[in-house]
Structure formats: C-alpha cells, structure tokens
Amino acid sequence: MPTPVTLISGDGIGPSISSATVRLLEAAGADIAWDAQCAGMAGVARYGDPIPDETLDSIKRTRVALKGPLETPVGEGFRSINVALRKTFELYANVRPAHTIRPGGRYENVDIVLIRENTEGLYIGIEHYIKIGSDPRAAAESVALITRAGSERIIRYAFDYAQRHGRKKVTLVHKANILKNSQGLFLDVGRMVAREYSNIEFEEVIVDAMAMNLVLKPERYDVIVTTNLFGDILSDLISGLVGGLGLAPGANIGLGGAIFEAVHGTAPDIAGKGIANPGALMLAACMMLEYLVDEPRAQRIRTAIEETIREGTVVTRDLGGTATTDQFTDAIIARL
Ligand code: NAI
C-alpha cells in the first residue's frame, strides 16, 4: 500500500522545487500516494485562506506533509500559517540537520543536528505594554514560558534522536546563569533526562559561549537541544556554516504528525526562472523517508544529491554552476 503524504507545493519557487522533488522520489521508487493541497498565497487564491481547512484535514488524515515555502499574506484577518500548523498538530520539535557537503569551504567537518523547542519559550506571544504616566507604551513585557513537561519531551526527543541515529553527544544550550528559573528548569530537566541515556555524552553550554564555539570549532558538536529563541538563532547560524539556505532542510515533528520543509522562503527574486536549487526540499524529503522508516532509500537519494554537488558540473547558480532546476534534478536522478 502506498503511504499517503500531503503535498503542499508552496508559492514562488515552491511549485518548481516541489515537482523536482516528487520526480526524484518517484525515480527512486518511493511508494507514496501524494495528496496535493494548497496553502499560502495559493490557498488565498483558491479558498481565501492561507491555511485552508481542506489542507489541515488532509494532514490530519495522512499525518505527514512535505511543504514548499509559503508566502504569508500581509494584512488583517489572515491566520499565521506557522502558528496554525504548530498548534493544530502540536509540532513541538523543530529538527534542523546541517553538514558539510562541498569540500573547500570554510569548515570541512560540520555534522550537526539542532533540535529546537517549537511551542514554548519567548515565542508563545504572551506579551503586553505597560502604561506609565501618559505614555501607553512606556514599557513592554514578554513571558518566556518553560514547562517541565515541554522541556522533558523535547530533551527526550533529542536523546532518542541521538540514539536512533548513532550519534554520540547531546549538547544542551541554555542561559541558566542569568534566567535562573525558566532556563534553570530547562537545564535541570536536561540533567535528569541525561542520566537515563548513559551511552550518550551530555554537555551543557551557555548560549553566548555556544555562538562563539560554533564559529570557532563547529566540528565539536553533534546533537544540540535548546529552547525556542536560542534554537531559532543558532539554527540559522549553523546553516551559514555549511553554505547557506539552498541545502538546509527542516522537520517539524509532533504529536499530531510531521511536516517536512526547506528552511528557505519563496525566493521571489528568482521565482518562475527555473533556476532555483531544489536541494533543501529534496533533503527534507529524505528526512521524511527516514520518518516513514524507509532509511535505505533516503540514504541512496542523499548520496546521489551529495555526489552531484561534490562533482560540481551540473549544479544550480547558488552552488556556483549554471544548471536549471530540471537539469540539476536529472543529474541527481542519473546518479541514483
Ligand atoms: P528567501 O529564503 O525566500 O530568499 C533569500 C535569498 O535566498 C534570495 O536571494 C533567494 O533567491 C535565495 N534563495 C532562497 N532559496 C533558494 C533556493 N532554493 N535556490 C536558490 N536561491 C535561493 O527569503 P526572503 O526573501 O526573506 O522571503 C521571501 C518570502 O518567503 C517571504 O514571503 C517570506 O515570508 C517567505 N518565507 C517562507 C518560509 C517558509 O514557508 N518556510 C521561510 C522563510 C520565508
């Protein structure tokens, strides 16, 4: 029986990199029944909603989605796409792997998976202004909510991920020296969970030191787990270490399912030109195959992508070549 997967092609370069990715997966023999749905501007055009109920219903059925980049419409009355998806499916773990593919860059041996808590911390939107005298916005407060349960599930997820993928170390990044309660709780839970995984090394690093260490010695790190805001910042820093957005995949995993995507946006400057790099979405599709317990196929596709990039003659413009999206895809398929 083919596995049903919701496919959201996305806006801008989305349709072109999504069809390249579907073509690659089909060439690799992945047995997937795609349920094509829309969101973003395509959702607004069709249903007047950037995250239509039809799309949410599809993901509720399939519990797995591959999503191209989406343009969030500017203006009142539209639901935030990411918030709606995170809330509906409780996507608490944001997983962002980054590793060196092309030799000769600034760093040779980066192989890091950053796992970011996606539902708590400073991003939950509990904030308000405080009026002082006649100034209604004299001050502002934002709440960084950390719960024991939320910390435990993300830290456990990181250790389980490390165990499943044969990784050796989990580094917990925090700021408990200053934020003694919220970050202190996250760190305490980390120490407690770490005791249950004696075969995996556990390390604690303060976030400011981590920013420096990642630039000086990124090869020291393996799996990183951290809270929402720190994870947001450090994951972009880490994609920069391995050559930027064109090859950065991500997964949002939770109780209600999993959504796999490229980290980059809709690239309006190159949309419609047929020159976008489909690599990030293809690597996200490999993460999806692993999630669907089809690891050998994921590995075969990943190897074909990496060899094509390393060989370097048929690659897209962002990777220093002149190939179109389709030519790059053909070259990867030829290497499968
Ligand atoms: P962007 O990631 O779309 O583009 C930044 C730069 O990277 C551009 O020069 C673009 O051409 C280049 N680029 C991005 N992906 C590429 C690829 N696959 N191949 C070659 N070059 C690539 O970021 P920007 O311009 O800030 O955002 C554009 C739109 O995308 C906005 O509407 C934003 O809201 C949306 N967006 C959506 C995301 C999502 O759905 N996950 C994530 C980030 C942005």
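Whatever comes next refers back to the structure up there.
Computed from a predicted structure; not experimentally measured.

> What is the right way to look at helix 1 (residues 14-27) in this model?
An α-helix turns once per 3.6 residues; consequently, residues spaced three or four apart project the same way. Helix length check: helix 1, at 14 residues, gives a terminal C-alpha distance of 20 Å against a target of 20 Å (1.5 Å per residue), a fit within 8%. For helix 1, every residue scored as buried is listed here: G14, I17, S18, A20, T21, V22, L24 and L25. For helix 1, the elements touching its buried residues are strand 1 (3-8), strand 2 (32-37), strand 3 (64-67), helix 9 (279-291), helix 10 (295-311) and helix 11 (325-335). Taken from the residues just after helix 1, G29 is the one with a positive phi, measuring 80 degrees.

> Even after reading the chapter, I still don't get the sheet that holds strand 10 (residues 223-226), so can you show me in this structure?
The strands that make up a sheet are held in pairs by hydrogen bonds between backbone atoms, and each pair lies either parallel or antiparallel. Pairing within the open sheet is mixed, and its 10 strands lie in the order 2-1-3-12-11-4-5-10-8-9. In this open sheet, the two edge strands, each paired with only one partner strand, are strand 2 and strand 9 (201-206). Strand-to-strand twist across the sheet, computed as the mean angle between neighbouring axes with direction ignored, equals 25 degrees. Of the strand pairs in this sheet, strand 1 and strand 2 are connected by 6 bridges, and their pairing is parallel. Its bridge partner lying in strand 2, T3 is registered against I32. Where helix 3 (residues 53-62) meets the sheet, it contacts strand 1, strand 2, strand 3 and strand 12 (257-262), and its direction lies at approximately 155 degrees from that of strand 1. Of the strands in this sheet, strand 5 (111-117), strand 8 (169-174), strand 9 and strand 10 are in contact with helix 7 (residues 207-216), which crosses strand 9 at around 105 degrees.

> So what exactly am I meant to see when it comes to the environment of D318 here?
Checked against the element boundaries, D318 lands in the loop between helix 10 and helix 11. A C-alpha to C-alpha distance of 7.2 Å links D318 and N277, two positions 41 residues apart in sequence. Not counting residues within four places of it along the chain, the set of residues in contact with D318 comprises G246 and N277. A distance of 2.9 Å separates a polar atom in the side chain of D318 from a polar atom in the side chain of N277. Here T316 takes part through its side chain, which lies 2.7 Å from a polar atom of the side chain of D318.

Scoring rules and cut-offs
- Residues numbered from 1 in each chain as written.
- Predicted model: local features only at pLDDT ≥ 70, side-chain atom pairs only at ≥ 80, totals over all residues.
- Heavy atoms only, no water.
- Helix = DSSP H or I, 4+ residues; strand = E, 2+ residues; numbered from the N terminus.
- Expected span 1.5 Å × (residues − 1).
- Buried < 20%, exposed > 50% of the residue type's maximum accessible area, 1.4 Å probe, protein only.
- Contact = heavy atoms within 4.5 Å.
- Pairing = 2+ DSSP bridges.
- Axes fitted to C-alpha atoms, helices over the stretch in contact; angles between N-to-C directions.
- Polar contact = N/O pair within 3.5 Å; in protein donor to acceptor, adjacent residues only side chain to side chain.

Honestly, that's just the spatial picture; any functional story needs more than this.
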